[in-house]
Each structure stands twice: as C-alpha cells, then as structure tokens.
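Remarks on the overall topology
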Amino acid sequence: MSAKIEIDTEFITLGQFLKLADVIQTGGMAKWFLSEHQIIINGEQDQRRGRKLRRGDKVEIPGFGEFLITEK
C-alpha cells in the first residue's frame, strides 16, 4: 500500500518531496540522498533533484516505501 503525499500546488520537486515525505530531514540532504539511493518514479529510475512531481505520480524508494502524490 502506498503512503499518500498531499500537495496543494501544481507540482513539487523531487528534493521537496523527500523532505515532505520525511525521508530526509533537511533540503540540503537531497543531493546526497539521491546519489546514494535508487528512486523509481512511475516505473523509471530518476535521480534528478529538480524532477517535477505532479498529482498521480508514484514514487518508490526501496527500503523507505511507496508514495502516491495526491491533491490536498
């Protein structure tokens, strides 16, 4: 089962998502986290901190869980 991450804007970046989902504590950790962990977005691997995530996107982080971006 996926955890739902609610957004109230058109999109958020992958770096913002990691903080919002409590995967990292600070935005400054995003670059390090992305270099050390595999991130799957909608079935494709992506490590770009600025990747835009929109409602309906599914993010999988092995060892951390699956997340679904939803509207607030």
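Above this note sits the structure.
Residues numbered from 1 in each chain as written. Predicted model: local features only at pLDDT ≥ 70, side-chain atom pairs only at ≥ 80, totals over all residues. Heavy atoms only, no water.

With that settled, the discussion passes to the side chain of Thr-70. Mapped onto the fold, Thr-70 is located in strand 7 (residues 65-71). Ignoring any residue separated from it by four or fewer positions in sequence, one finds Thr-70 in contact with Lys-4, Ile-5, Glu-6, Ile-7 and Arg-55. (Helix = DSSP H or I, 4+ residues; strand = E, 2+ residues; numbered from the N terminus. Contact = heavy atoms within 4.5 Å.)

Quick look at the nonpolar core now. With 19 residues, the main nonpolar core has Phe-17, Leu-18 and Ile-61 as its most contacted residues. Not counting residues within four places of it along the chain, the set of residues in contact with Leu-18 comprises Val-23, Ile-24, Ala-30, Phe-33, Leu-34 and Ile-61. (Core = buried A, V, L, I, M, F, W, Y, C linked by side-chain atoms within 4.5 Å. Buried < 20%, exposed > 50% of the residue type's maximum accessible area, 1.4 Å probe, protein only.)

A word on the side chain of Arg-51. Within the element layout of this structure, Arg-51 appears in the loop between strand 4 (44-45) and strand 5 (52-53). Among the polar contacts made by the side chain of Arg-51, one reaches the side chain of Asp-46 at a distance of 2.6 Å. The residues contacting Arg-51, other than those within four sequence positions of it, are Ile-12, Thr-13, Leu-14, Ile-41, Asn-42 and Asp-46. (Polar contact = N/O pair within 3.5 Å; in protein donor to acceptor, adjacent residues only side chain to side chain.)

Either a parallel or an antiparallel arrangement is found when strands of a sheet pair, and the pairing is made through backbone hydrogen bonds. The strand order across the open sheet formed by 5 strands is 1-7-6-3-4, and the pairing between neighbours is mixed. The strands lining the two open edges of the sheet, one partner per strand, are strand 1 (3-7) and strand 4. (Pairing = 2+ DSSP bridges.)

Opposite charge on two side chains permits them to pair, given that their charged atoms come into close proximity. Taken as a whole, this structure holds 5 salt bridges when the rule is applied. For the salt bridge of Arg-51 with Asp-46, the shortest nitrogen-to-oxygen distance reads 2.6 Å. Judged by its relative accessible area of 8%, Asp-46 falls in the buried class. Among the charged side chains, a network of salt bridges with common partners joins Asp-46, Arg-48 and Arg-51. (Salt bridge = Lys/Arg side-chain N within 4 Å of Asp/Glu carboxyl O.)

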